[in-house]
2 protein chains.
Amino acid sequence: MAQNKKTDFSGIDQEMANFAKALSHPARVAIIKILAEQNSCICGEIVEVLPLAQSTVSQHLKELQLAGLVKGTVDGKKSCYCINWETMQQSIQQFNGLLNSLNERKTFSCC
Amino acid sequence: MAQNKKTDFSGIDQEMANFAKALSHPARVAIIKILAEQNSCICGEIVEVLPLAQSTVSQHLKELQLAGLVKGTVDGKKSCYCINWETMQQSIQQFNGLLNSLNERKTFSCC
DNA sequence: TTTATTCATCGTATATTTACGATATTAAAT
DNA sequence: ATTTAATATCGTAAATATACGATGAATAAA
């Protein structure tokens, strides 16, 4: 983007934004929901459920992994994904912290 | 993006993703924080604080408005922005709903 | 061993985002 | 009336994101 100014912001703001970015596509929201619902982790079943090509789903999974929200292992010729609860919990708490502090600040709106 | 598949997902997932997308850039996280901290709403002071050009900040503000998280009014030759608490609250609750349901599901991670 | 299955990765096209400077607009100040 | 100040918008360049088909790699099945 002509220049990347993202790193000029505070570390916390960057982390918040990264977490939000990971969930900024409905496919990734859907994937997270699916993984949370099934306590046994799924693999290509995700592909069947989503209206996307297999390669596209793989791509979204990769992004979720990169954000630390999901981890995966290879199991035979199948791939098994599940939520990375350690980092997910951390991210959720951090993000909830922001949302709650917003709610606390809630006063009047001057405009 | 060759095709937009986002509308093929459930309305809720789309809303979640939209909310997340609004906060998927550190500049917008920072703006929201600033607006929440000052109960009197600010305008171009945001520009002074952020490491971005005035036009870029305007653009980010516009996106936040489009997502319904911020509203603004013109006040003389200045512009006044503040958080749109009605929709913000709604979005927060919806998003918290997702995050909480994830936490409830939290069992073991099979991989 | 050959074939089929499951998935990741590559290449690529298109859409969107990010960022800025330049310009337009509007109102206050002179 | 002119100038200054505060912002929004336009145009545009560059970076990213989204999506897919094709291909590759690895295992299971035949």
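So, a few notes on the structure that sits alongside this text.

1. With respect to the pairing of strand 1 (residues 70–75) of chain A
All names here are of chain A. Alignment of strand 1 against strand 2 (residues 78–83), held across 6 bridges, turns out to be antiparallel. Note on strand 2: the bridge partner recorded for threonine 73 is cysteine 80. Counting the residues that bridge the hairpin from strand 1 to strand 2 gives 2 residues, and of these glycine 76 lies at a positive phi of roughly 65°.

2. A short note on the relation of the copies chain A and chain B
Relative to chain B, chain A is turned by 180° and slid 0.0 Å along the rotation axis, the superposed coordinates differing by an RMSD of 0.0 Å. These values place the two chain copies in the arrangement generated by a two-fold rotation axis. Across chain A, the rotation axis passes nearest the C-alpha of alanine 20 of chain A, at a separation of 2.3 Å. Interface overlap between copies: 100% of the residues of chain A at the interface are likewise at the interface in chain B, consistent with a symmetric, same-surface contact.

3. Re the packing of helix 5 (residues 85–105) of chain A against helix 2 (residues 26–37) of chain B
It is the contact of helix 5 of chain A with helix 2 of chain B, at a shortest axis distance of 9 Å, that shows an interaxial angle of 30°. What the angle tells us is that helix 5 of chain A and helix 2 of chain B run roughly parallel. Regarding helix 5 of chain A and helix 2 of chain B, the two cross each other, and that crossing is left-handed. Between helix 5 of chain A and helix 2 of chain B, the residues in contact are Leu98, Leu102 and Arg105 of chain A and Val29, Ile32, Lys33, Ala36 and Glu37 of chain B, respectively. Its residues assigned to classes, the contact of helix 5 of chain A with helix 2 of chain B comprises 5 nonpolar, no polar and 3 charged.

So, how was this worked out
Residues numbered from 1 in each chain as written. Chains lettered and ligands numbered in written order. Predicted model: local features only at pLDDT ≥ 70, side-chain atom pairs only at ≥ 80, totals over all residues. Heavy atoms only, no water. Pairing = 2+ DSSP bridges. Helix = DSSP H or I, 4+ residues; strand = E, 2+ residues; numbered from the N terminus. Least-squares fit on C-alpha atoms with pLDDT ≥ 70 in both. Contact = heavy atoms within 4.5 Å. Axes fitted to C-alpha atoms, helices over the stretch in contact; angles between N-to-C directions. Parallel < 35°, antiparallel > 145°, perpendicular 65-115°, else oblique. Left-handed = near helix turned anticlockwise from the far one by under 90°. Nonpolar A, V, L, I, M, F, W, Y, C, P; charged D, E, K, R; others polar.

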